[in-house]
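Commentary on secondary and tertiary structure
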Amino acid sequence: MAAGYAELLRTRHAARLLAGTLVGRLPNATAALAVVLFARAEGGSYALAGALSAVYGVCNAIGQPLLGRAVDLYGQPRVMLPASVLSALGMALLAAVGLDVLWLAYAAMVVAGFFTPPLEGGLRALWPGVLKRPDRVHAAYALDAVAQEVMFAVGPLLVTLCVAAWSAGAALLVINAVGVLGALSVVVSPPSRQWRSAPREAHWLGALRSAGMLVLIGAFFFVGLALGSIAVAAVAYADEHGGGAVSSWLLSALGAGALAGGLVYGARDWPGRPENRLRLLIGLLALGYLPLVLVPGVAGMTALTGVAGVFLAPALACAFVVVDRHAPKGTVTEAFSWLVTTFGVGSAVGMSVAGPAVEGGGAQAGFAVAGAGGLAALLVLLSTKRFLGEPGRRTAGAAPAENDRNGAAEPGFRAGRQA
């Protein structure tokens with residue numbers, strides 16, 4: 001397994017693109033916790049903290065596919081670097097004005113969320129040109145899912161360290177400055193500067209004209225809802241159990257669990273169609289969220305959140321392959337950005353729901369929202385099987401599915417061979 005990772009990362013530009021993308025996405029990965037901690041430090045309620053994060057998430061969800069389509073049309077450097085700078089300036093504005101002028105705080109969240117650069121979709125668009133072989137491209141999707149869980153495990157700890165060393169406002173500034181440097185590293189690289197999207201059919205729906213894409217958007221909306229509610233519920237749980245770094249322990253355990261799950265998932269080949277496997281993985285993910293409502297002591301809760309994260313990276317890695325099989329040609333960045341958008345909208349709704357739930361029923365009510373979200377995601381996939389048919393084959397009553405553009409079976413990582 002380690003040899004497989006090393007082989008991919010030795011490919012020219014691969015390690016730089018992966019590292020730069022992860023660093024560039026750090027502000028987005030930590031925004032939920034950083035904004036909630038900042039709002040609480042400024043004296044705001046959980047409801048206000050959730051509302052600010054929700055605005056960020058909704059605007060992020062709107063901006064990702066629009067910026068992704070702009071990248072497909074105009075290239076990565078001309079879109080991603082300016083967007084990254086504007087997003088960082090939005091967070092800097094929030095840190096400067098605080099909550100004294102609420103409309104300005106909300107405006108800052110609009111700018112920061114909308115202009116978050118679509119680095120995640122952009123990286124997956126670059127993999128075919130960098131890795132050359134279709135089997136390696138699919139393997140890179142799994143590596144991407146695993147690597148991003150490292151970021152989600154480390155990110156909350158970095159936020160907590162910045163808050164402890166300076167302040168919640170300083171954490172917003174530092175994290176977003178680092179994110180701009182990560183985006184800069186990606187867009188000045190030769191693969192990013194040279195990349196051009198495949199020719200696309202002019203259609204106002206873009207990637208959304210694929211029925212399979214619509215199913216994935218519906219399912220991962222609820223996965224995002226579950227994750228967003230966990231971010232708010234974790235802070236509430238920390239307040240009920242001594243405060244301090246407890247919330248970051250829980251969120252880091254969630255990311256560490258996903259990392260472990262991704263490593264196991266990527267260590268072998270998986271038979272059958274990825275669409276069927278995705279249903280199973282989402283079912284197991286939903287099952288992992290349900291025990292969180294038990295809210296035991298800190299050690300037990302940390303263990304439960306770790307278990308709850310185990311199937312997240314495998315589900316994401318599998319979803320990347322399904323997206324690639326069903327997205328229309330010429331919409332690659334936009335299609336992957338829609339998956340990010342799904343998380344953004346779902347996470348925003350989850351935070352909005354979890355805030356009042358926590359106010360009324362404590363952390364247990366917040367974690368109950370996560371369990372409901374996982375079950376809803378599973379229900380979407382189970383009730384729409386016909387729309388995730390074999391790419392290129394029309395099922396009864398369904399729109400034609402798109403062809404698998406990479407044309408290869410999904411491999412796992414082997415001793416010779418992480419969204």
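Everything below is about the structure shown above.
Let us look at the structure shown here. (Residues numbered from 1 in each chain as written. Predicted model: local features only at pLDDT ≥ 70, side-chain atom pairs only at ≥ 80, totals over all residues. Heavy atoms only, no water.)

Here we come to the overall build of the protein chain. Within the protein chain one finds 16 helices and zero strands. In the protein chain, which comprises 419 residues, the share counted as buried stands at 59%. With an accessible surface of roughly 15,100 Å², the protein chain has 69% of that area assigned to carbon and sulfur atoms. (Helix = DSSP H or I, 4+ residues; strand = E, 2+ residues; numbered from the N terminus. Buried < 20%, exposed > 50% of the residue type's maximum accessible area, 1.4 Å probe, protein only. Areas by Shrake-Rupley, 256 points an atom, 1.4 Å probe, with all protein chains shown as cover.)

The full count for this structure, using the stated rule, is three aromatic pairs. With centroids separated by 4.9 Å and ring planes inclined at 85°, the aromatic side chains of phenylalanine 221 and phenylalanine 222 adopt a geometry described as edge-to-face. A residue is classified by how much of its surface remains accessible, and phenylalanine 221, at 21% relative accessible area, is partly exposed. Phenylalanine 222 sits in the partly exposed class, given a relative accessible area of 25%. (Phe/Tyr/Trp six-rings, centres within 6.5 Å; stacked < 30°, edge-to-face > 60°.)

Turning next to helix H3 (residues 26-41). With 16 residues, H3 should reach 22 Å at 1.5 Å per residue; the first-to-last C-alpha distance of 21 Å fits that figure. Maximal helix bending in H3 amounts to about 45°, located at alanine 32. Within H3, twelve of the 16 residues are buried, which leaves the element mostly enclosed by the surrounding structure. Along H3, the positions that sit buried rather than exposed are Leu26, Pro27, Ala29, Thr30, Ala31, Ala32, Leu33, Ala34, Val35, Val36, Phe38 and Ala39. Positive phi appears at glycine 43, one or two residues downstream of H3, with a value of about 90°. (Expected span 1.5 Å × (residues − 1). Bend = angle between axes of the 7 residues up to and from the residue.)

Right, let's talk about empty space enclosed by the protein for a bit. The computed volume of the second largest cavity comes to approximately 70 Å³. Residue lining of the second largest cavity: Gly24, Pro27, Asn28, Tyr56, Ser84, Ser87, Ala88, Thr116, Pro117, Asn176, Gly179 and Val180, and that is the complete set. Contributions of two or more residues to the lining of the second largest cavity are made by H3, helix H5 (77-97) and helix H9 (168-187). (1 Å grid on protein atoms, 1.4 Å probe; cavity = no way out; pocket = protein on both sides within 12 Å on 5 of 7 lines; lining within 4 Å. Points joined across faces, edges and corners; volume = space filled by probe spheres on them.)

Turning our eyes to something else, we now look at the packing of H3 against H9. For any two helices packed against each other, the geometry comes down to the angle between their axes and how far apart the axes lie. Taken N-terminus to C-terminus, the directions of H3 and H9 make an angle of 165°; their axes are 9 Å apart at the nearest point. In this view, H3 runs roughly antiparallel relative to H9, as classed from their interaxial angle. With respect to the hand of their crossing, H3 and H9 are arranged in left-handed fashion. Residue-level contacts link Leu26, Pro27, Thr30, Ala34, Leu37, Phe38 and Ala41 of H3 to Ala168, Gly169, Leu172, Ile175, Asn176, Val178 and Gly179 of H9. Of the residues that constitute the contact of H3 with H9, the class distribution is ten nonpolar, four polar and no charged. (Axes fitted to C-alpha atoms, helices over the stretch in contact; angles between N-to-C directions. Parallel < 35°, antiparallel > 145°, perpendicular 65-115°, else oblique. Left-handed = near helix turned anticlockwise from the far one by under 90°. Contact = heavy atoms within 4.5 Å. Nonpolar A, V, L, I, M, F, W, Y, C, P; charged D, E, K, R; others polar.)

The N-to-C vectors of helix H2 (residues 14-24) and helix H7 (residues 119-131) enclose an angle of 175°; their axes lie 10 Å apart at closest approach. As the angle between them shows, H2 and H7 are arranged roughly antiparallel. Listed contacts from H7 to Ala14, Leu17, Leu18, Thr21 and Gly24 of H2 are Leu119, Glu120, Leu123, Leu126, Trp127 and Val130. Class assignment of the residues belonging to the contact of H2 with H7 gives a composition of eight nonpolar, two polar and one charged.

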